[in-house]
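# Chains, contacts and geometry: an overview
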Amino acid sequence: MPIGNLDIILIAVTTASACALPGVFLVLRRMTLMSDAISHAILPGIVLAFFLTHSLSSPLLILAAGATGVLTVVFVELLQKTKLVKEDAAIGLTFPALFSIGVILISRYASNIHLDIDAVLLGELAYAPLNRLEVFIADLNPLLLYVILHIQVQLQGYFSFSFDLGPMSLYVMGVLLVLNLAFIMIFYKELKLATFDASLAATLGLSPVLIHYGLMTLVSMTTVGAFDAVGSILVVALIVGPPATAYLMTDNLTRMLILSVVIGCVNAVIGYWFAYISNVSIAGAIASMTFIVFVLVFLIVPNRGLIAITRRHIRQKWEFAQTMLVIHLFNHEGLPEAEAESEVAHLHEHLQWEPTFASRVVRYALNNRYVSQKAAQLILTDRGRTIAQQALVQ
Amino acid sequence: MDNFLFLTRLDYTLIVVTLGAALLGTVSGALGTYAVLRRQSLLGDAISHAALPGIAIAFLLTGSKTPLILVLGAAVAGWLGALAIISIVRLTRIKYDSALALVLSTFFGFGLVLYSLIQRSGNANQAGLDTFIFGQAATILKRDVITIGILGGIALIIMLILWKELKLLIFDEGFAASLGFPTRLLDILLTSLLVIAIVLGLQAVGAVLMSAMLVAPAVAARQWTNRLNLMVFLAAVFGAFAGVSGTIISSSTTGLPTGPMIILCATLFVGLSIAFAPNRGLIWDSIRQHKNRRSLKIAVGRLMEGPQQESE
C-alpha cells in the first residue's frame, strides 16, 4: 500500500472524529442547520483573508473564516431578536447573502488570482496530503538540526534541505480534534445541562449564551479546518451523520459521543476504500457511506429500528386479535347463546373479521392454549379466561 | 447619463435573461411563502442540493445534456430527498433539522461520486457541476424561459386551485386532518410544488442560492401584511423585482455574477421591509414605543399633579 493512502485515511479519520464531537451537541440542540449555514457563510471570510495573505494554507485564513462563522451566528440571532423572522428563515436569509458576497468578491477582484472556488466548496481528499508541513533547515537551531539530519540521513539515506513532518491537514485537524475534545471534557457537565435543560442551567448560573457561542466557535473552526480536506458541503455530512446515527442507538450522552466518533471513523475508512477501489470522489464516497450506514442502523438497531418496530406491530396485532377472541368467548360463556357465539365457522361474523384472518387468530389462540376446540366450538381454557379477565379489568 | 447607458444595451439576450429571472422570482416567491410560513425555510436548500445525483443519473442514463431531461432527473432526486426527510422525521426520533442536514449533505455527496464517475469516463466536463452549484443566468435561452413559464405556471395554477386546502394545511394541520382532508397527500403535493420551483431555478441561481430565492421574498412580504393572499402576491412581486434588478445590475457592470446579485437584491428588500414596514417594522416599532413612553409620562405626570392641584 503506498504511503499516500495511509495519509488520506489518517486525515479522513481525524477529520471525521473532529467533526462528530461537536456534531453530537448540534444534533441534540436541534442546531445542525447552523453548521450548514456556517459552512457556506465562511466564504467571504476566506476570500478576504486570501486577499491579505495570498495563500490558501495560512493559519490567518482559518481564524478569519472562523470569525465569519461566529459572525453568521450573531447575524442569525440578531434577526431572530427582532421577532420579525423565525429561526429557520433567519438562517435561510443569512448564509446565502454572505455566500453571494463571497462569490461576487471572487469574480470581481480575484478572477485572475488562483483561488479555486471548487476546492473551497467541494474539497478533494486525494490532494490533501500534497500540502505538507515542512520545516526548513534554516529555522532550526544547530544542535536540533544536527540530530534531525543525522536521523534522517540514517533513515532515508539521502540529504534534503527541508524536513517533511507529514501532511498539513493532518496537523490542522489534529489540533482541532484536541481542541474539541478538551472543550467537551472540560465543559462536559455544563454542555450536558445546557443541552437538556437550558432554563435549569441558567438558574444555576451557567451562561447558556457563553456555552452556545463556545460551541459555535468550535463548529466554525472545525468547518474551516475541514473544508480543505472534504469541502464545505460535505463537512455537514461529517458533522450531522455520525451523531444522528448514534442517536438512533443510545440514550446515553457519553455513549453517544463515543459511538459518533467510532461511526464517523468507520464511515471514513469504508468510504475511502470504496472510492479507492472504484476511483471516484473520496469525500463524496464518505458522505454516501454516511447515509448508507444511517439507513442500515435505522433498519437493524434493536428496539427502535424499523425491523424491530414492524415485528412488534405485527406481534401486537395478533396478540390484540387473540385478546378480542377470548373476551368475546368470555362474555358469552355460560349464557344460552354461547353455543352459537363460539362456533368456529361463524366467528368472523360475530367479531366482524375477514374469514381468513379469523381462522388464523383461532389457530394462534389454539397454539397458545388460550382456547381449546371441541367439535365445531371453541372453549376457553383457564389461561384464556385469565387473559380475558385481565384485559377487561384494565 | 451613465445610469441610462445600460438601457441602450437592452439587447435580446438581456431581455430573455431578465424575463427568465422575473418569472423565476415570481414562482419561487409565491411558493416560498408556504415554506416560510410552515417554518421549513431550509427545505429548499435541502431539495436543491439533493437534486445533484438526479442530474448525474439522468446524464448517465441518457447521455444527453438536454435541459429538460436534466431538470426531470433533478426533480425526481429532489423529490426523493424531500420524501426521505419526511420519512426520517416520521419514523425515527431524529429531528427535522438533523434529517434535513443529513439528506442535504449525503445526497450531494452521492452526486459528487456520480460526477467523478462521469468525469473519469471522459464524456463530460466540470462545467456542468459549476453551473449546478453557482448557476449561470447568462445561459438562459428563450427555450428555458418557455419551460420556466409553462412549468411555473402549472405550479401556480395548482396552488390557486388548492388555495383553501393548502391554507388550512399550513395554519392548522390537525384541524385539516380532522375535517377529513388528506393532509399527508397535501404535504407531499406542496413539497412537489416546491421541487418544481427549485429545479427551475437551479440553472439561473444555482443550488446554494436557490434557498434564498424561496425565503427572502416571502420574509420581505411577511412584514407588510398578515393576510395570506396579499403575502403570496407581494412575495411574487418582490421575487420578480429581485430577479429583474439583479439581472440588470449585473449586466451593467462586469464581474458581478447574476445569481448572487439577485440574492443580494432580495436580501436588500428584506432589510428594507424589516426596517420600514408599517406596524411590524423596526422604525415603526420604535416610534410607537417612543409615543407610548411619552403618553405614559404625561399620564404619570397628570396623576402626580392631580392631587396637588386639589390640595391647593
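Structure: see above.
Report on the accompanying structure. (Residues numbered from 1 in each chain as written. Chains lettered and ligands numbered in written order. Predicted model: local features only at pLDDT ≥ 70, side-chain atom pairs only at ≥ 80, totals over all residues. Heavy atoms only, no water.)

### A word on the overall build of chain B
Short version of the rule: Helical segments are the DSSP runs of H or I of at least four residues, strand segments are the runs of E of at least two, and each set is numbered from the N terminus. Accessible area is worked out with a 1.4 Å probe on protein chains only. A residue is then buried under 20% of its type maximum, exposed over 50%, and partly exposed in between. Any two residues whose heavy atoms approach within 4.5 Å at even a single point are treated as in contact. Note on areas: Shrake-Rupley with a 1.4 Å probe; residue coverage comes only from the protein chains shown.
Scanning chain B from N- to C-terminus turns up 14 helices and zero strands. With 312 residues in all, chain B has 50% of them scored as buried. In chain B, the share of contacts with a sequence separation of at least 24, taken over all contacts with a separation of at least 6, comes to 72%. Total accessible area on chain B is roughly 14,500 Å²; 68% of this is exposed by carbon and sulfur atoms.

### Some words on the overall build of chain A
Scanning chain A from terminus to terminus reveals 19 helices and four strands. Within the span of chain A, comprising 394 residues, buried residues form 50% of the whole. Contacts in chain A between residues far apart in sequence, at least 24 positions, make up 70% of those at least 6 positions apart. Roughly 19,000 Å² of accessible area belongs to chain A as shown, and the carbon and sulfur atoms make up 65% of that amount.

### What to know about unusual backbone geometry
All names here are of chain A. Of note, the phi angle at Asn 279 is positive, near 55°, even though the residue is not glycine. In this structure, Gln 352 is a non-glycine residue whose phi angle is positive, near 55°. With relative accessibility at 72%, the residue Gln 352 sits in the exposed group.

### Some remarks on the pairing of strand 4 (residues 377-380) of chain A
All names here are of chain A. The condition is simple: DSSP-based pairing: two strands are paired if at least 2 bridges between them are found.
Because side chains alternate across strand 4, one face comprises the buried residues Leu 378 and Leu 380, and the other comprises Gln 377 and Ile 379, none of which is buried. Here strand 3 (residues 371-374) runs beside strand 4; their pairing, made up of four bridges, is antiparallel. Within strand 4, the position partnered with Gln 373 by the bridge is Leu 378. Between strand 3 and the antiparallel strand that follows it, strand 4, lie two residues; Ala 375 among them carries a positive phi value of about 55°.

### Describing the packing of helix 4 (residues 59-81) of chain A against helix 5 (residues 87-109) of chain A
All names here are of chain A. For clarity, the threshold we go by: Think of each axis as a best-fit line through the C-alpha atoms, taken over the contacting stretch in the case of a helix, with angles from 0 to 180 degrees between the N-to-C directions. Our angle categories are set so that under 35 degrees counts as roughly parallel, over 145 as roughly antiparallel, 65 to 115 as roughly perpendicular, and the remainder as oblique. Each crossing gets its handedness from the near helix: less than a right angle anticlockwise from the far helix is left-handed, clockwise is right-handed. Classification convention: Asp, Glu, Lys, Arg as charged; Ala, Val, Leu, Ile, Met, Phe, Trp, Tyr, Cys, Pro as nonpolar; all other residues, Gly among them, as polar.
Packing of helix 4 against helix 5 leaves a shortest axis separation of 9 Å and a crossing angle of 135°. In terms of orientation, helix 4 lies oblique with respect to helix 5. Considering only the axes of helix 4 and helix 5, their crossing is right-handed. Judged by residue contacts, Thr 72, Phe 75, Val 76, Leu 79 and Gln 80 of helix 4 engage Glu 87, Ala 90, Ile 91, Leu 93, Thr 94 and Leu 98 from helix 5. Looking at the contact of helix 4 with helix 5 residue by residue, the class counts come to seven nonpolar, three polar and one charged.

### Regarding helix 3 (residues 43-53) of chain A
Where helix 3 of chain A is concerned, the buried positions are A:Leu43, A:Pro44, A:Gly45, A:Ile46, A:Val47, A:Ala49 and A:Phe50. Two residues or fewer after helix 3 of chain A comes A:His54, characterised by a positive phi angle close to 55°.

### Here we look at the pattern of salt bridges
Rules: For salt bridges, the criterion is a side-chain nitrogen of Lys or Arg within 4 Å of an Asp or Glu carboxyl oxygen.
Per the counting criterion, the structure on display carries seven salt bridges over all chains. Among the salt bridges present, the one from A:Arg385 reaches A:Asp382, with a minimum N-O distance of 3.0 Å. Taken together, the residues A:Arg385 and A:Asp382, both in helix 19 (residues 382-393) and three residues apart, mark about one turn of the helix. Exposure remark for A:Asp382: the relative accessible area of 61% places this residue in the exposed category. Between B:Glu173 and B:Arg38 there is a salt bridge whose closest N-O contact spans 3.5 Å. Pair noted here: B:Glu173 is in helix 10 (residues 173-178) and B:Arg38 is in the loop between helix 2 (12-37) and helix 3 (43-50), with a separation of 135 residues, a long-range link. Overall, B:Glu173 belongs to the partly exposed group, its relative accessible area being 37%. Connected via shared salt-bridge partners are A:Asp251, A:Arg304 and B:Arg93.

### Regarding the interface of chain A and chain B
Just so we agree on the cut-off: A quick way to say it: buried area is the sum, across both parts, of accessible area lost when two parts are put together, with a 1.4 Å probe. For this analysis, a polar contact is any N or O atom pair within 3.5 Å, provided that within protein one partner can donate a hydrogen and the other can accept it, and provided that sequence-adjacent residues contribute only side-chain to side-chain pairs.
On the side of chain B, 57 residues touch chain A, which itself brings 59 residues to the contact. Between chain A and chain B lies a buried interface of about 4,800 Å² when both sides are counted; carbon and sulfur atoms form 74% of it. Counting across the interface, chain A meets chain B through one salt bridge. Across the pair A:Asp251 and B:Arg93 runs a salt bridge whose closest N-O atoms are separated by 2.8 Å. One can count 14 residue pairs in polar contact (both at pLDDT 80 or more) joining chain A with chain B. Listing elements by their share of the side of chain A that touches chain B, those giving two or more residues are helix 1 (3-28), helix 2 (32-41), helix 5, helix 6 (117-121), helix 12 (234-249), helix 14 (282-300) and helix 15 (306-332) of chain A. If you tally residues by element for the side of chain A that touches chain B, the top one is helix 5 of chain A, at 15 residues.

### A look at the packing of aromatic side chains
The relative placement of two aromatic rings is captured by the distance of their centres and the angle of their planes. Spelled out, the test is: Here the aromatic set is Phe, Tyr and Trp, taking the six-membered ring for Trp, and pairing holds for ring centres within 6.5 Å; pairs whose planes are under 30 degrees apart are stacked, those over 60 apart are edge-to-face, and all others are tilted.
For the coordinates displayed, the defined rule picks out nine aromatic pairs over all chains. Here the aromatic rings of A:Tyr272 and A:Trp273 are separated by 5.5 Å at their centres, their planes lie at 65°, and the arrangement is edge-to-face. Classification of A:Tyr272 as buried rests on a relative accessible area of 2%. The partly exposed category is assigned to A:Trp273, whose relative accessible area is 30%. Taken together, a centroid distance of 5.5 Å and an interplanar angle of 85° make the contact between A:Phe291 and B:Phe107 edge-to-face. In this pair, A:Phe291 sits in helix 14 while B:Phe107 sits in helix 6 (residues 96-121), so the two residues belong to two different chains. Of the two residues examined, A:Phe291 and B:Phe107, each falls in the buried class.

### Considerations on a nonpolar patch on the surface
Residues and elements named next belong to chain B. Put simply, the rule is: Residues forming no salt bridge and having over 30% relative accessible area are the ones grouped into patches, like charges within 9 Å of each other and nonpolar side chains (Val, Leu, Ile, Met, Phe, Trp, Tyr) within 5 Å.
Nonpolar side chains collect at one region of the surface, where Trp 224, Leu 268, Leu 272, Phe 276, Ile 283 and Ile 287 lie side by side and expose about 580 Å² of accessible area between them. Sort the elements by how many residues they give to the nonpolar patch and helix 13 (residues 258-276) lands first, with three residues. Relative to the helices and strands, Ile 287 resides in helix 14 (residues 282-311). Residue Ile 287 is classed as partly exposed on the basis of its relative accessible area of 46%.

### So, helix 12 of chain A
What counts here: Helix span is expected to be 1.5 Å times the residue number reduced by one.
For helix 12 of chain A, built from 16 residues, the straight-helix expectation of 22 Å at 1.5 Å per residue is met to within 8% by its first-to-last C-alpha distance of 23 Å. Where burial is concerned, most of helix 12 of chain A is hidden: 15 out of the 16 residues are buried.

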